[in-house]
Amino acid sequence: MAPPSTDKCTTPHVRSKRSDDQHRRKETVSVEVDAAGTLFPSNAVTTAFWPRVAESKDKHRLIFVMRNAERIDRVFGPDWLETELAFGKFLPTDQNIPSSLKHLLPHTSFLFDPPITTMGKYTSQLVARAMTQRGASPKKIVCAPALRCVQTASAIASLLGIKCGIEYGLAEPPSWFSNGDHQLSPDYISPEQFASLGYAVDPEYSAVLNQKSLTRQQKETEKESKDRIDFVLRYLGTEDRSGPLLVIGHALTCQIASDMGMHQKRNGWHSGLKNNKTTMVSANEKPCKAGHEWDNAVTSFSDEGGGQINSHDNEEVDTLTLGIKYPYGSVISLARANTTMPYQYRICRNLIPPLTCGRYFNNKPVLD
């Protein structure tokens, strides 16, 4: 019998996981320098390793504005509830429909305030995981009052072990729900009700514009609603926090955030804060730094040449195009570009890796 071969093994060398990580860290990443001198990735990274987005001391300057997760009526049609109810019981016919919605039925009408799908819940958590992997885990989460926004925010907050706050100033324009002379806006669930139903909602959160502001919003024009949402986003951007802020809203919220990143300015809500008058914020809402100084701090934005850039406030919103530009779960990443007020913001493209499902869906926003 021939003795065992003493030749060296010809099996290809396999690097350890540690050496792979060291190899990836040597690859270069395209970056841009913002006005404050901090590096933020600008181009898409094609390797499996996603670097940290910023130094720890700069993470509080990041604001992520995310559209709500996939809503159930856009997948199964407006009559989805009729197909899922049999003999008075909720019996889902598809795995993408939540197994139970019984706890919500006494509190809301799904016609104007639909829930998210099962896939919507888990894809939103994947987006949150990507933020964490980039070293930009949100330290504060706020959301619009719509059920789909709260469910999206709650799913992410539960994953991160924190709670979210409801910002009623981020609600969609009430004019979108009008039917002639009748207002058909949703009857939003209160933070206390959400908390009692097991959602990761903080009932003690002090909103910029609280639930009582919804009554005042009913008479808004579409332009005034956009000004209101812009005001809330800018107000939130001035608050002190230890890390990134995550805002869960609608496609319109993402569009307005994109305008902020383009240094566009809106007028309207902010003018009510001049001359030490807080006409837009009631005594029961979060206290504002009233007066002309606050108005300038929130609204004065200029381009690099010093000129003002006005947004297209008078243009009617094309909701179909808006939904295409900002798919479910899309994220607008903003970085505060300076350290003193008035604050300016820059869009950080590709800061969060995209989420692709199948051949036709990708949550990457279409930026102008």
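Everything here concerns the structure above.
Residues numbered from 1 in each chain as written. Predicted model: local features only at pLDDT ≥ 70, side-chain atom pairs only at ≥ 80, totals over all residues. Heavy atoms only, no water.

*Asks:* Outline the overall build of the chain, listing residues and values.
*Replies:* Looking only at helices and strands, one finds 11 helices and 14 strands in the chain. For the chain, the residues scored as buried account for 50% of the 368 residues in total. For the chain, long-range pairs separated by at least 24 residues make up 73% of all intrachain contacts whose partners lie at least 6 apart in sequence. Total accessible area on the chain stands at roughly 19000 Å², and carbon and sulfur atoms take up 51% of it. (Helix = DSSP H or I, 4+ residues; strand = E, 2+ residues; numbered from the N terminus. Buried < 20%, exposed > 50% of the residue type's maximum accessible area, 1.4 Å probe, protein only. Contact = heavy atoms within 4.5 Å. Areas by Shrake-Rupley, 256 points an atom, 1.4 Å probe, with all protein chains shown as cover.)

*Asks:* With reference to specific residues and values, describe the layout of surface pockets.
*Replies:* In this structure, the largest pocket spans a volume of roughly 730 Å³. Along the walls of the largest pocket sit 28 residues, with Arg 71, Asp 73, Arg 74, Arg 148 and Glu 172 positioned nearest its centre. Element by element, the count of residues in the lining of the largest pocket is highest for helix 11 (residues 319–325), at 5 residues. Residues of the lining of the largest pocket, tallied by class, amount to 17 nonpolar, 5 polar and 6 charged. (1 Å grid on protein atoms, 1.4 Å probe; cavity = no way out; pocket = protein on both sides within 12 Å on 5 of 7 lines; lining within 4 Å. Points joined across faces, edges and corners; volume = space filled by probe spheres on them. Nonpolar A, V, L, I, M, F, W, Y, C, P; charged D, E, K, R; others polar.)

*Asks:* Give a detailed account of the sheet that holds strand 6 (residues 140–143), specifying residues and quantitative values.
*Replies:* Read from one edge to the other, the open sheet built from 6 strands follows the order 7-6-10-3-11-12, with strand pairing classed as mixed. Because the sheet does not close on itself, it has two edges, and the strands there are strand 7 (164–166) and strand 12 (345–347). The average angle at which neighbouring strand axes cross in this sheet is 25°, direction not considered. Where strand 6 lies against strand 10 (residues 245–249), 4 bridges are found, and the strand directions are parallel. Among the inter-strand pairings, Val 142 is bridged to a residue of strand 10, identified as Val 247. In the packing of helix 4 (residues 118–133) onto the sheet, the strands contacted are strand 3 (62–67), strand 10 and strand 11 (331–336), and the crossing angle to strand 3 comes to about 165°. The sheet contacts of helix 5 (residues 147–160) involve strand 3, strand 6, strand 7 and strand 10, and relative to strand 6 the element is tilted by about 165°. (Pairing = 2+ DSSP bridges. Axes fitted to C-alpha atoms, helices over the stretch in contact; angles between N-to-C directions.)

*Asks:* Got a sec to walk through the nonpolar core? Specific residues and values, please.
*Replies:* Counting 73 residues, the largest nonpolar core has Phe 64, Val 247 and Ile 248 as the members making the most contacts within it. Setting aside anything within four residues of it in sequence, one finds Phe 64 in contact with Met 131, Ala 136, Pro 244, Leu 245, Leu 246, Val 247, Val 331, Ile 332, Ser 333, Leu 351 and Ile 352. (Core = buried A, V, L, I, M, F, W, Y, C linked by side-chain atoms within 4.5 Å.)

*Asks:* Provide a residue-level description of the pattern of salt bridges, including the pertinent values.
*Replies:* Opposite charge on two side chains lets them pair, provided their charged atoms get close. If you walk through the whole model with that rule in mind, you get 8 salt bridges. When the shortest N-O distance is used, the salt bridge between Asp 58 and Arg 61 registers 3.2 Å. Judged by relative accessible area, Arg 61 falls into the buried class, the value being 3%. Between Glu 239 and Lys 140 there is a salt bridge; the shortest N-O distance is 2.6 Å. Here the residue Glu 239 occupies a position in the loop between helix 8 (222–238) and strand 10, and Lys 140 occupies one in strand 6, the gap between them amounting to 99 residues. (Salt bridge = Lys/Arg side-chain N within 4 Å of Asp/Glu carboxyl O.)

*Asks:* Report on the state of the cysteines, specifying residues and quantitative values.
*Replies:* The full count for this structure, using the stated rule, is 0 disulfides. Cys 149 forms no disulfide, and the closest cysteine sulfur to it belongs to Cys 143, at a distance of 6.6 Å. On the basis of relative accessible area, Cys 149 is assigned to the buried category, the value being 0%. Free cysteine: Cys 164, not disulfide-bonded; nearest cysteine sulfur from Cys 143 at 4.5 Å. Taking relative accessible area as the criterion, Cys 164 reaches 1% and is therefore assigned buried. (Disulfide = S-S within 2.5 Å.)

*Asks:* An account of unusual backbone geometry is needed here, citing residue identities and associated values.
*Replies:* Negative phi characterises most residues that are not glycine, and trans characterises most peptide bonds. Following Met 341, the chain continues to Pro 342 via a peptide bond in cis, the omega torsion being 5°. The backbone of Asn 350 shows a phi angle near 60°, a positive value even though the residue is not glycine. With relative accessibility at 23%, the residue Asn 350 sits in the partly exposed group.

*Asks:* Kindly report on empty space enclosed by the protein, identifying the contributing residues and their values.
*Replies:* Applying the stated rule across the entire model yields 1 cavity of 30 Å³ or more. Of the volumes computed, that of the largest cavity is approximately 30 Å³. Taken together, Ile 63, Val 65, Leu 233, Leu 236, Leu 245, Val 247, Met 260 and Leu 334 make up the lining of the largest cavity. Grouping the constituent residues of the lining of the largest cavity by class yields 8 nonpolar, no polar and no charged.

*Asks:* Can you tell me about the packing of helix 8 against helix 9 (residues 251–261), naming the residues and giving the values?
*Replies:* Where helix 8 contacts helix 9, the axes come no closer than 10 Å and their chain directions differ by 65°. Seen from above, helix 8 lies across helix 9 with right-handed handedness. Here Lys 226, Ile 229, Asp 230, Leu 233 and Arg 234 of helix 8 lie close against helix 9, whose contacting residues are Leu 252, Thr 253, Ile 256, Ala 257 and Met 260. Each residue belonging to the contact of helix 8 with helix 9 can be placed in one class, and the counts come to 6 nonpolar, 1 polar and 3 charged. (Left-handed = near helix turned anticlockwise from the far one by under 90°.)

*Asks:* Kindly report on the packing of aromatic side chains, identifying the contributing residues and their values.
*Replies:* As enumerated under the stated definition, the model contains 3 aromatic pairs in all. Judged by centre distance (5.7 Å) and plane angle (40°), the rings of Trp 80 and Phe 110 are tilted. A residue pair is termed long-range when its members are at least 10 positions apart, and Trp 80 in helix 3 (residues 80–84) and Phe 110 in the loop between strand 5 (89–90) and helix 4 qualify at 30 residues. Just as Trp 80 is buried, Phe 110 falls in that class too. Here the basic side chain of Arg 336 rests over the ring of Tyr 343, its NZ or CZ set 4.2 Å away from the ring centre. (Phe/Tyr/Trp six-rings, centres within 6.5 Å; stacked < 30°, edge-to-face > 60°. Lys NZ or Arg CZ within 6 Å of the ring centre and 35° of its normal.)

*Asks:* Tell me about the packing of helix 4 against helix 5, and please be specific about residues and values.
*Replies:* Across the interface, helix 4 lies against helix 5 with an axial gap of 9 Å and an inter-helix angle of 50°. As far as their axial angle goes, helix 5 and helix 4 are oblique. As for the relative orientation of helix 4 and helix 5, their crossing is right-handed in sense. Across the interface between the two elements, Lys 121, Ser 124, Gln 125, Ala 128, Arg 129 and Thr 132 from helix 4 touch Thr 152, Ala 155, Ile 156, Leu 159 and Leu 160 from helix 5. Its residues assigned to classes, the contact of helix 4 with helix 5 comprises 5 nonpolar, 4 polar and 2 charged. (Parallel < 35°, antiparallel > 145°, perpendicular 65-115°, else oblique.)

Function cannot be read off these values alone, since they describe shape.
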